[in-house]
Amino acid sequence: MAISAIAGLALAGGATIAAGGALAIFGLGAMASFGVAFAIGAGLSMVSRALTPKPSMGQQMAGLEFSVREPDATRKIIYGRTKVGGAIVYIDSTGTDNEYIHMVIAFAGHEIDAFEKIYANQEQIWDVTLGRTISWQPYLDVNVHLGDQTAADAELVSRSTQWTADHKLLDTAYAYIRLKYDAEFFANGLPNISATIRGKKVYDPRKDSTSAVYDSALGVSTQRLATPATWSFSQNPALCVYDYLRDTRYGLAESASGVNLAALSGAIALCDQDVALTAGGNQNRYTLDGVIDSANSKKDNIEAMLSAMAGKLVHSSGEYFISGAAYVAPEVTIDESVMVGGIEVYTKQSRRSLYNGVKGVFRSEEDDYNVADYPAQLSSTYSAVDGDPIYLDMALPFTTNNIRAQRIAKLALLRSRQQTTISVPCNLAALKFRAGDNIMVTNAKMGWSQKVFQVIGYDLSLAGSGEIIVTVQAIETASAMYDWTSSDQEDYLSGGEVALYTGKVAKPPIAPLGLSASSTVNADGTVTPTINVSWTAAADAFTDYYLVQ
């Protein structure tokens, strides 16, 4: 199973990290327990999230495009590129017979990189490349503010007396919409406003030439980055998770020293790796595009963000380690010289955590960020072994490309088929690795020679002699789980969308028009030349008549 280990986030009460990486939990001044290394229970991974009875993630994703009007709307954090609705924070009417309606819609509680497109009822009305409205004229005006504004919207201040120069909406990305009343044009009432947005600018330590620590850890050339722009738009999941950890307003407010830069460097590079596509070309291995809600717990938000790279967040020795899904060759071997007791082996997982197919929804960039099903990853071989199909319904809220969704789903499927788990009591040498690390286990009695396992946690306990025992829990893994070739790619067909007639476009008559000369005798006896026009009507039930001019 995909496991996101977030030690400390899921714990009740205070916690301290021991120097060796073990976690001891204290309550009200007295030690309550000693020996919990990592908190990795149910709820800390997208897989286990899908297996628990919670509100449908798919339903939550589908509601992101709707603008809401409520007094306690929560603030949103947008990472990457996505389409989203906002919170209507102001509405007023002015003009003769109140013909104008003014709306202020807040989309994000921070500065964004750009508004790309704005929609009214799914119809594009504004485009950043033109910098103006492109339809619904003369019934609509749009002004956008990225969150870096220092003054109120001047046009709104001049048009609405209740919106003053003090209403600046600092650090808030918003749009001011003015609608001119027309009973026929707005027959269905106020339109729903949504926008495609390039989200939060994040700090990229690779672009920072001011610190030798960053340079050595991330392999950055200070000469190449003489005048870096260290904050910029990015869809790299590792950078977005790093930003959320550092965010002092909505995130964990973690210091820079609290995040391991070497691990961050590897995760950034992994996400930027090229993956070949069936149609030719490449795409980045992982990207992150979606919306964080400040109403959710920080643990849930981090968990959802990690799903974009099937990643892990581990806290050990006072640092957070960010990693994405990739096979890392193990460097540490556990053998009889490290073990202080017998190995407990569990050769089969419970049926609850076993499945032979993965399906779910994502917000498809190919379908204008509407919620759609990504191509399911199914295994007829595993289904035959299990006796019947067992599906995991795994929503991917921060993945917008169907091919990336397929890769993540396949990885989740193959991880679930890794059946063997072990519990190995070891001496203190086992503290050198963390949850998520790959290790090799050699044991003559089991017939294992450098068999690869992934550490999922460990416990500390005291033996009768006073010796500290580190009991390591691990699950088998293999490099083949992470393999992906262009031939694995399934065709993506957007389904469930019905094209409805908008009433704004009439089909032309079928060509060619028939034209012939004729004449008409008027009442006074004069003759007027005329042209007879004939045509074949289009197969359009919404056309009543044709007007010839």
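Numbering of residues begins from 1 in every chain and follows the order in which that chain's sequence is written. Only residues with pLDDT of at least 70 are given local features in this predicted model, and only at 80 or more are side-chain atom pairs given and counted; all residues enter the totals for whole chains, interfaces and linings. Side-chain calculation: all heavy atoms of the structure are included, whereas hydrogens and water are not.

1. Brief notes about the overall build of the protein chain
Here is step 1 of the chain: A run of H or I in DSSP becomes a helix once it reaches four residues, and a run of E becomes a strand once it reaches two; helices and strands are each numbered from the N terminus. Looking only at helices and strands, the protein chain has nine helices and 32 strands in total.
Here is step 2 of the chain: Between buried and exposed lies partly exposed: a residue is buried under 20% and exposed over 50% of the maximum accessible area for its type, with that area taken using a 1.4 Å probe on protein chains only. Taken across its 549 residues, the protein chain has 47% of its residues classed as buried.
Here is step 3 of the chain: A separation of at least 24 residues holds for 68% of the contacts in the protein chain among residues at least 6 apart in sequence.
Here is step 4 of the chain: For the protein chain, the exposed area adds up to about 26,600 Å²; of that, 53% sits on carbon and sulfur atoms. In what follows, a contact means two residues having at least one pair of non-hydrogen atoms within 4.5 Å. Computed by Shrake-Rupley with a 1.4 Å probe, the accessible areas treat only the displayed protein chains as cover when residues are assessed.

2. Digging into the packing of aromatic side chains
In this description, an aromatic ring pair is defined by two values, namely the gap between the centres and the angle between the planes.
Here is step 1 of the chain: For this analysis, a ring pair means two rings from Phe, Tyr or Trp (six-membered ring only for Trp) whose centres lie within 6.5 Å, classed as stacked if their planes differ by under 30 degrees, edge-to-face if by over 60, and tilted for the remaining angles. Counting across every chain of the model gives eleven aromatic pairs.
Here is step 2 of the chain: Judged by centre distance (5.3 Å) and plane angle (50°), the rings of Trp-448 and Phe-453 are tilted.
Here is step 3 of the chain: For Trp-448, a relative accessible area of 13% translates into the label buried.
Here is step 4 of the chain: Taken together, Tyr-139, Phe-185 and Phe-186 form an aromatic cluster joined through their ring pairs.
Here is step 5 of the chain: Taking the ring centre of Tyr-100 as reference, the NZ or CZ of Arg-178 above it sits at 4.2 Å.
Here is step 6 of the chain: Against the face of Tyr-382 rests Arg-417, its NZ or CZ located 4.2 Å from the ring centre. For a Lys NZ or an Arg CZ to count as sitting over a ring, it must be within 6 Å of the ring centre and within 35 degrees of the ring normal.

3. A look at the pattern of salt bridges
Here is step 1 of the chain: For this analysis, a salt bridge means a side-chain nitrogen from Lys or Arg found within 4 Å of a carboxyl oxygen belonging to Asp or Glu. Scanning all chains against the criterion turns up 21 salt bridges.
Here is step 2 of the chain: For Glu-111, the salt bridge goes to Lys-201, with nearest N and O atoms at 3.4 Å. Here the residue Glu-111 occupies a position in the loop between β7 (100-108) and β8 (112-120), and Lys-201 occupies one in strand β13 (residues 193-203), the gap between them amounting to 90 residues.
Here is step 3 of the chain: For Glu-111, a relative accessible area of 31% gives the class partly exposed.
Here is step 4 of the chain: Between Arg-159 and Glu-155 there is a salt bridge, with its nearest N and O atoms 3.8 Å apart.

4. With respect to the nonpolar core
Note on soluble globular proteins: their nonpolar side chains tend to be buried together.
Here is step 1 of the chain: Nonpolar cores are built from buried Ala, Val, Leu, Ile, Met, Phe, Trp, Tyr and Cys residues. Side-chain atoms within 4.5 Å join them into one set. Among the nonpolar cores identified, the biggest contains 53 residues, and Tyr-79, Leu-245, Met-305, Ile-322, Val-358, Tyr-374 and Met-394 are the most heavily contacted of them.
Here is step 2 of the chain: When residues of this core are traced back to their parent elements, those giving at least two are β4 (76-79), β13, α5 (237-246), α6 (261-271), α7 (298-306), β19 (319-323) and α9 (402-416).
Here is step 3 of the chain: With residues near it in sequence (within four places) discarded, Tyr-374 still touches Val-358, Lys-359, Gly-360, Val-361, Phe-362, Met-394, Leu-396, Ala-405 and Ala-409.
Here is step 4 of the chain: Counting residues in each nonpolar core, the second largest holds 25 residues, with Met-103, Ile-112, Trp-136 and Val-291 among its members.

5. Concerning the pairing of strand β12 (residues 173-180)
Here is step 1 of the chain: Most of β12 is tucked away, with seven of its eight residues classed as buried.
Here is step 2 of the chain: In this scheme, strands are said to pair when DSSP sees at least two bridges between them. When β7 meets β12, the two strands line up antiparallel, connected through eight bridges. Each bridged residue has a counterpart across the sheet, and for Ala-106 the counterpart in β12 is Tyr-174.
Here is step 3 of the chain: Relative to β12, strand β11 (residues 140-145) runs antiparallel, the two sharing six bridges.

6. Notes on α7
Here is step 1 of the chain: Within α7, seven of the nine residues are buried, leaving the element largely enclosed by the surrounding structure.
Here is step 2 of the chain: Every buried residue of α7 is listed here: Lys-299, Asn-301, Ile-302, Glu-303, Ala-304, Met-305 and Leu-306.

7. Here we look at the sheet that holds β7
Here is step 1 of the chain: The four strands lie next to each other as β6-β7-β12-β11, forming an open sheet whose pairing is antiparallel. This sheet does not close on itself; its edge strands, each paired only once, are β6 (87-94) and β11. Each neighbouring strand pair of the sheet contributes to a mean axis angle of 15°, computed without reference to strand direction.
Here is step 2 of the chain: In the sheet, β6 pairs with β7 via seven bridges, with the strands oriented antiparallel. For helices, the axis comes from a line fit to the C-alpha atoms of the stretch in contact; other axes are also lines fit to C-alpha atoms, and the angle between any two N-to-C directions lies between 0 and 180 degrees.

8. As for the pairing of strand β24 (residues 370-373)
Here is step 1 of the chain: As judged from the four bridges shared by strand β23 (residues 361-364) and β24, these two strands associate in the antiparallel manner. Within β24, the residue paired with Ser-364 across the bridge is Asn-370.
Here is step 2 of the chain: The hairpin formed by β23 and β24 contains five residues between the paired strands, and Asp-368 there has a positive phi angle of roughly 60°.

9. Observations regarding the packing of α5 against α6
Here is step 1 of the chain: Taken N-terminus to C-terminus, the directions of α5 and α6 make an angle of 140°; their axes are 7 Å apart at the nearest point. If you check the angle between α5 and α6, you find them oblique. From α5, Pro-237, Ala-238, Leu-239 and Tyr-242 reach across to α6, where they touch Leu-261, Leu-264, Ala-267, Ile-268 and Cys-271. Our angle categories are set so that under 35 degrees counts as roughly parallel, over 145 as roughly antiparallel, 65 to 115 as roughly perpendicular, and the remainder as oblique.

10. What about the sheet that holds strand β26 (residues 391-393)?
Here is step 1 of the chain: In space, the three strands of this open sheet follow the order β25-β22-β26, with mixed pairing throughout. The sheet is open, and its two edges are formed by β25 (377-378) and β26, each paired on a single side.
Here is step 2 of the chain: Sheet topology note: the strand β22 (residues 357-359)/β26 ladder contains three bridges and is parallel. Across the sheet, residue Val-358 finds its bridge partner in β26, namely Leu-392.

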